[in-house]
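Residues per chain are reported as follows:
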Amino acid sequence: MTSGVDVSNLSDGGRIPASAGLSIVVPAFNEGAGLEPLHARLCNLAATLKQRYGLTCEVVYVDDGSTDTTLSVARNLAANALDVQVVSLSRNFGKEAALMAGLDHARRGAVLFMDGDGQHAPELVEKLVGHWIDDGYDVVYTAKAHRDNESFLRRLSVRTFYSLINWGSRQKIPEDAGDFRLLSPRAAAALRQLPERNRFFKGLASWIGFRQIRVDYEPEARAHGVTTFNISRLLGLSIEGLTSFSVAPLRVASLLGLLLAFVAFLFGLSILWETVVSGKSVPGYPSLVVGLMTLGGVQLIMIGVMGEYIGKILSEIKARPIYFVAEHSVKTAETAVAKTPQTVAE
Ligand code: UDP
Ligand code: MG
């Protein structure tokens with residue numbers, strides 16, 4: 001057994017044969033209203049890619065336990081110009097799990113991830129594919145061109161998050177990068193090799209390495225409905241990302257401890273100085289209370305941080321599947337026959 005994984009056979013010296021094709025993975029949670037227009041745009045895209053690069057495409061719609069018409073709409077989408085797979089999860093597992101399910105079911109070489117709400121324009125995909133096929137990049141990721149329309153507080157939180165997560169790490173996770181990205185066959189194979197259950201997709205896709213390139217884009221407005229990522233979900237994702245990618249929060253504990261010890265030492269010196277030089281030795285009640293409260297607070301925060309890591313270890317040890325597939329159908333562009341076996345993901 002080797003301790004690394006060789007995925008080089010999936011490329012031809014960096015030039016990946018376009019014959020490998022492209023799988024477009026679209027996670028969808030309650031996107032019933034927007035799926036048809038999106039599918040029409042993807043069909044056009046597939047026709048263009050076929051014409052320009054000879055690329056064969058498929059789309060994998062992952063219904064992440066939607067409660068609306070997403071599944072029935074997806075089942076009825078026609079396989080024009082590209083194959084259509086519909087993978088329906090047994091419940092809502094979250095976007096990260098839906099992306100994994102799509103990656104596991106993708107049957108073509110390269111994999112492209114895009115949201116099902118129309119915010120990621122299919123028209124940009126041609127440019128991403130160009131970077132892969134013409135320029136030989138393995139990971140083509142998109143990033144918001146600017147954050148002008150976001151509040152100062154949000155921008156500050158994003159900054160803090162990325163500086164913490166990238167602190168001392170070898171492979172920096174690019175700031176503002178989104179989940180809209182293209183992976184070459186070998187990069188997709190590498191991503192499939194990562195065994196962890198707690199997934200932070202953006203981080204993993206950057207961690208695998210290879211030649212990566214950034215493409216700036218302006219996200220479109222959501223085709224319908226509202227975002228499912230509210231403040232508390234974003235906070236959850238940030239904690240997930242931080243604890244799976246860095247031990248920076250634990251390091252903060254050590255640093256804070258050192259800092260406190262240093263301040264306490266200085267304070268001790270000053271008391272000694274006062275007692276010896278001016279002969280004053282007034283019992284300092286306020287300083288005592290403040291000191292105790294600070295220490296207590298810092299200790300509680302740090303126990304919480306450790307708890308996050310221990311919780312993560314627990315869920316990795318339990319090794320539960322990341323998702324269950326309740327229904328899976330494949331329509332090929334030529335035959336357009338559907339099969340619906342009941343499959344369960346390994
Ligand atoms: N999504 C999902 N499962 C979830 C939540 C979201 O598959 O539990 C999908 C959703 O359908 C969309 C994408 O993830 O295609 C991004 O979600 P959303 O638009 O709510 O987030 P935002 O664009 O604000 O980051
Ligand atoms: Mg969105």
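Check the entry above for the structure.
Keep in mind that this is a model prediction, so the values were computed, not measured.

*Asks:* In this structure, what is going on with the overall build of the chain? I would like to understand it.
*Replies:* What the chain contains, in helices and strands, is 10 helices and eight strands. Counting only C-alpha atoms, the chain reaches 95 × 50 × 45 Å along its principal axes. Considering the chain as a whole, with its 346 residues, one finds that 44% of them fall into the buried category. In the chain, of all internal contacts separated by at least 6 residues, the share reaching a separation of at least 24 is 81%. Accessible surface computed for the chain: about 18200 Å², of which carbon and sulfur atoms make up 62%.

*Asks:* Please clarify how the pattern of salt bridges should be interpreted in this entry.
*Replies:* It is possible for side chains of opposite charge to pair when their charged atoms get near one another. If you walk through the whole model with that rule in mind, you get 10 salt bridges. For E58, the salt bridge is made with R107, and the minimal N-O distance between the two is 3.1 Å. You can see E58 sitting in strand β2 (residues 57–63) and its partner R107 sitting in the loop between α3 (95–105) and β4 (110–113), a full 49 residues away along the chain. With a closest N to O distance of 3.2 Å, D83 and R107 form a salt bridge. A residue pair is termed long-range when its members are at least 10 positions apart, and D83 in strand β3 (residues 83–89) and R107 in the loop between α3 and β4 qualify at 24 residues. Classification of R107 by relative accessible area gives partly exposed; the value is 45%. It is possible to trace a salt-bridge network through shared partners that takes in E58, D83, R107 and R108.

*Asks:* Sorry if this is basic, but what is going on with the nonpolar core here?
*Replies:* As a rule of thumb, soluble globular proteins bury nonpolar side chains together. One finds L22, I24, L42, L49, Y61, L112 and V129 to be the most contacted residues of the largest nonpolar core, which totals 40 residues. Per element, the largest residue contribution to this core is eight residues, and it comes from helix α1 (residues 32–53). Those residues in contact with V129 that sit more than four places away from it in its chain are L22, L49, Y53, L55, D134 and L182. L183, A190, L194 and Y323 belong to the second largest nonpolar core, which has 29 residues in total.

*Asks:* Where do I start with the coordination of the magnesium ion (ligand 2) in this structure?
*Replies:* The textbook angles at a metal center are 109.5 degrees for a tetrahedron of four donors and 90 or 180 degrees for an octahedron of six. For the magnesium ion (ligand 2), the full set of protein donor atoms is D117 (OD) and Q119 (OE1), and the range of their distances to it is 1.9 Å. Of the residues examined, D117 reaches a relative accessible area of 5% and is grouped as buried.

*Asks:* What is the right way to read the site of ligand 1 from this model?
*Replies:* Within the structure, ligand 1 sits among 18 residues, and E31, D64, D117, T227 and T228 are positioned closest to it. F29 has a polar backbone atom sitting 2.8 Å from an oxygen atom of ligand 1. When contributions to the shell around ligand 1 are tallied by element, the ones reaching two or more residues are β1 (22–28) and α3. Partitioning the shell around ligand 1 into residue classes produces five nonpolar, six polar and seven charged.

*Asks:* Just to check I follow, could you spell out the packing of helix α5 (residues 152–165) against helix α8 (residues 231–245) for this structure?
*Replies:* When two helices pack together, you describe them by how their axes are tilted relative to each other and by the distance separating the axes. Viewed as axis vectors pointing N to C, α5 and α8 meet at an angle of 15°, and their least axial separation amounts to 9 Å. Of the possible angle classes, the one that applies to α5 and α8 is roughly parallel. For the element pair α5 and α8, the recorded crossing hand is left-handed. Side by side, α5 and α8 meet where R154, F161, L164 and I165 of the first sit next to L234, S238, G241, L242 and F245 of the second. Looking at the contact of α5 with α8 residue by residue, the classes come out as six nonpolar, two polar and one charged.

Rules of the game
The residue numbers shown here count from 1 along each chain, following its written sequence. Just so you know, chain letters begin at A and ligand numbers begin at 1, following the order they were written in. Where totals are concerned, whole chains, interfaces and linings use all residues; where local detail is concerned, this predicted model gives features only for residues with pLDDT of at least 70, and gives and counts side-chain atom pairs only at 80 or more. Each side-chain value is derived from all of the structure's non-hydrogen atoms; neither hydrogens nor water enter the calculation. By definition, any uninterrupted DSSP run of H or I lasting at least four residues is a helix, any uninterrupted run of E lasting at least two residues is a strand, and each is numbered from the N terminus. Under the scheme applied here, a residue whose accessible area is under 20% of the maximum for its type counts as buried, over 50% as exposed, and between as partly exposed, the area being computed with a 1.4 Å probe on protein chains only. Contacts are residue-level and defined by heavy atoms, with any inter-residue pair within 4.5 Å sufficient. Here, Shrake-Rupley sampling with a 1.4 Å probe gives the accessible areas, and only protein chains in the shown set may cover a residue. By salt bridge we mean one thing: a side-chain nitrogen of Lys or Arg within 4 Å of a carboxyl oxygen of Asp or Glu. Here, nonpolar core refers to any group of buried Ala, Val, Leu, Ile, Met, Phe, Trp, Tyr and Cys residues whose side-chain atoms link them within 4.5 Å. For Na, K and Ca the donor cut-off is 3.2 Å; for every other metal, N, O and S atoms count as donors within 2.8 Å. Water does not enter the count, which can leave sites looking incomplete. The cutoff for a nearby residue is simple: one of its non-hydrogen atoms must lie within 4 Å of the molecule or strand. Here a polar contact is recorded for every N or O atom pair within 3.5 Å, except that within protein the pair must consist of a potential hydrogen donor and a potential acceptor, and residues adjacent in sequence are included only if both atoms are side-chain atoms. Residue polarity follows a fixed list, in which Ala, Val, Leu, Ile, Met, Phe, Trp, Tyr, Cys and Pro are nonpolar, Asp, Glu, Lys and Arg are charged, and the others, Gly among them, are polar. The convention used is that axes are lines fitted to C-alpha atoms, helices contributing only their stretch in contact, and that angles between N-to-C directions extend from 0 to 180 degrees. Oblique is the label for every angle not falling under 35 degrees (roughly parallel), over 145 degrees (roughly antiparallel), or within 65 to 115 degrees (roughly perpendicular). Helix crossings fall into two classes, left-handed where the near helix is turned counterclockwise from the far one by less than a right angle and right-handed where it is turned clockwise.

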